[in-house]
Amino acid sequence: MVNYIWIGMTLIGLVFAAINGRMKEVNEAIFQSATEAVTLCIGLISILVFWLGIMRIAQESGLLDKFARVFRPLIKRLFPEVPENHPAMGYILSNIIANMFGLGNAATPLGIKAMEQLKELNGGKTSASRSMITFLALNTSGLTIIPTTVIAIRMNYHSASPTEIVGPTLMATTIATIAAILIDRYFYHKRARNGVK
């Protein structure tokens with residue numbers, strides 16, 4: 001559906017530009033945006049490679065496991081129906097830690113694997129389980145300590161202080177995560193009271 005919306009918006013924009021004689025500006029914007037996109041991607045690669053390298057060092061040194069052990073009791077309370085040693089738990093923890101360091105590109109495949117494992121635990125049903133809904137809420141709110149990608153974009157556009165976004169991002173994502181957990185729990189208990197599993 002989203003693809004159709006984008007195609008529709010593009011066609012409307014092109015028709016509007018043709019009617020108003022603004023096709024030259026549209027062509028310039030297309031080529032300028034394409035150039036900026038390539039430049040931005042190349043600029044992001046170096047930052048992402050650096051942080052993914054740091055994550056790999058943390059994993060090899062056992063620091064990531066220690067970090068995961070700190071969060072395991074909290075995650076276990078949020079996902080009580082997931083067995084402690086199930087692969088889903090590892091993927092959930094890895095996804096949350098990657099998101100905390102602003103590594104959305106690294107977190108996405110981990111999130112997909114976590115959902116696949118949670119679907120298996122749900123018996124392959126087409127309706128989402130409690131754990132799947134909770135994971136989606138946590139993943140969407142995305143608690144972030146270091147917004148790596150945003151810092152990289154700000155550096156790429158020559159921000160005077162690219163890291164000043166850290167405080168506001170931490171505050172906003174903390175509030176969003178707390179709100180996501182509270183809303184998730186509210187609707188879970190509401191459904192449980194109504195006898196819906």
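Keep in mind it's a predicted model, so treat the numbers as computed, not measured.

**Observations regarding unusual backbone geometry**
Thinking step 1. The backbone phi angle of His158 is positive, close to 60°, even though this residue is not glycine.
Thinking step 2. Note that His158 resides in the loop between α7 (148–156) and α8 (166–193).
Thinking step 3. Residue His158 is classed as exposed on the basis of its relative accessible area of 71%.

**Here's the deal with the packing of aromatic side chains**
Thinking step 1. Applying the stated criterion across every chain yields a total of one aromatic pair.
Thinking step 2. Aromatic side chains Tyr186 and Phe187 sit 5.1 Å apart centroid to centroid with 75° between the ring planes, which places their arrangement in the edge-to-face category.
Thinking step 3. Note that Arg130 overlies the ring of Tyr188, its terminal NZ or CZ placed 3.7 Å from the centroid.

**Quick look at the UniProt feature "transmembrane region" (unreviewed entry) in the protein chain**
Thinking step 1. Mapped onto this numbering, the UniProt entry gives "transmembrane region" (unreviewed entry) at residues 6–23, 35–54, 88–112, 133–153 and 165–183.
Thinking step 2. As annotated, residues 133–153 comprises 71% helix and 0% strand, and the C-alpha atoms at either end are separated by 31 Å.
Thinking step 3. Spanning residues 165–183, this segment combines 95% helix with 0% strand, and its end C-alpha atoms are found 26 Å apart.

**Some points on α8**
Thinking step 1. Given a rise of 1.5 Å per residue, 28 residues ought to cover 40 Å, and the 40 Å separating the end C-alpha atoms of α8 matches this to within 8%.
Thinking step 2. When α8 is considered as a whole, its buried residues turn out to be Thr169, Thr173, Thr177, Ala180, Asp184 and Arg185.
Thinking step 3. On its buried face, α8 is in contact with α3 (63–78) and α6 (130–141).
Thinking step 4. Immediately beyond the C-terminal end of α8, within one or two residues, lies Gly195, with a positive phi of roughly 80°.

**Some words on the pattern of salt bridges**
Any two side chains of opposite charge can pair, given that their charged atoms come close.
Thinking step 1. Taken as a whole and judged by the stated rule, the model has five salt bridges.
Thinking step 2. Note that Asp184 is salt-bridged to Arg185, the shortest N-O span being 2.7 Å.
Thinking step 3. Overall, the relative accessible area of 15% leaves Arg185 in the buried class.

**Points about the confidence of the model for the protein chain**
Thinking step 1. Summing up the model confidence of the protein chain, the mean pLDDT is 84 and the portion of residues at 70 or higher is 96%.
Thinking step 2. Of all secondary-structure elements in the protein chain, the lowest mean pLDDT belongs to helix α2 (residues 23–61), at 77, while α8 reaches the highest, 91.

**A closer look at helix α5 (residues 104–121)**
At 3.6 residues per turn, the α-helix brings residues three or four places apart onto the same side.
Thinking step 1. Between the first and last C-alpha of α5 there are 25 Å, a value that for 18 residues agrees with the 26 Å anticipated at 1.5 Å per step.
Thinking step 2. Burial in α5 covers these residues: Ala107, Gly111, Ala114, Gln117 and Leu118. Looking straight down α5, one finds that the buried residues subtend no more than 125° of arc, so they occupy a single side. Exposed and oriented more than 90 degrees from the buried face of α5 are Asn105 and Glu120.
Thinking step 3. Looking at the buried residues of α5, the elements they touch are α4 (87–100) and α6.
Thinking step 4. Note on α5: the residue one or two positions beyond its end, Gly123, has a positive phi of about 75°.

**A short note on the packing of α4 against α5**
Thinking step 1. It is at 8 Å that the axes of α4 and α5 come closest, and there the two elements cross at 155°. Accordingly, the angle class assigned to the pair α4 and α5 is roughly antiparallel. Viewed along their axes, α4 and α5 form a crossing whose handedness is left-handed. Only Gly104, Ala106, Ala107, Leu110, Gly111, Lys113, Ala114, Gln117, Leu118 and Leu121 of α5 make contact with α4, whose side of the interface consists of Pro87, Ala88, Tyr91, Ile92, Ser94, Asn95, Ala98 and Asn99.
Thinking step 2. Considered class by class, the residues forming the contact of α4 with α5 number 11 nonpolar, six polar and one charged.

About the thresholds
Here the residue index of a chain counts from 1 through its sequence in written order. Local features are withheld for residues below a pLDDT of 70 in this predicted model, meaning they are given only at 70 or higher, and side-chain atom pairs are given and counted only at 80 or more; totals for whole chains, interfaces and linings count all residues. Water and hydrogen atoms play no part in the side-chain values, which are based on all heavy atoms of the structure. Strands are runs of DSSP state E lasting at least 2 residues, helices are runs of H or I lasting at least 4, and numbering of each runs from the N terminus. Burial here depends on accessible area, computed with a 1.4 Å probe over protein chains only, as a share of the maximum for the residue type. Under 20% is buried, over 50% is exposed, and the range in between is partly exposed. In this scheme Phe, Tyr and Trp rings, the latter by its six-membered ring, pair at centre separations within 6.5 Å, and the angle between planes marks the pair as stacked below 30 degrees, edge-to-face above 60, and tilted otherwise. A ring is scored as having a charge over it whenever the NZ atom of a lysine or the CZ atom of an arginine sits within 6 Å of its centre and within 35 degrees of its normal. UniProt positions are given in the numbering used here, feature names are shortened, and annotations may be inferred rather than shown by experiment. Given a helix with a known number of residues, its expected span is that number minus one, times 1.5 Å. In this description, contact between two residues means that some pair of their heavy atoms is separated by no more than 4.5 Å. We define a salt bridge as a side-chain nitrogen of Lys or Arg found within 4 Å of a carboxyl oxygen belonging to Asp or Glu. pLDDT is a residue-level measure of predictor confidence that goes from 0 to 100. To obtain the arc, one takes the directions from the helix axis to the C-beta atoms. Only the stretch in contact is used when fitting a helix axis, every axis being a line fitted to C-alpha atoms; angles between N-to-C directions are given from 0 to 180 degrees. An angle below 35 degrees is treated as roughly parallel, one above 145 as roughly antiparallel, one from 65 to 115 as roughly perpendicular, and anything else as oblique. The sense of a crossing depends on the near helix, which, turned anticlockwise from the far helix by less than a right angle, makes the crossing left-handed and, turned clockwise, makes it right-handed. Polarity classes work like this: nonpolar for Ala, Val, Leu, Ile, Met, Phe, Trp, Tyr, Cys and Pro, charged for Asp, Glu, Lys and Arg, and polar for all others, with Gly in that last group.

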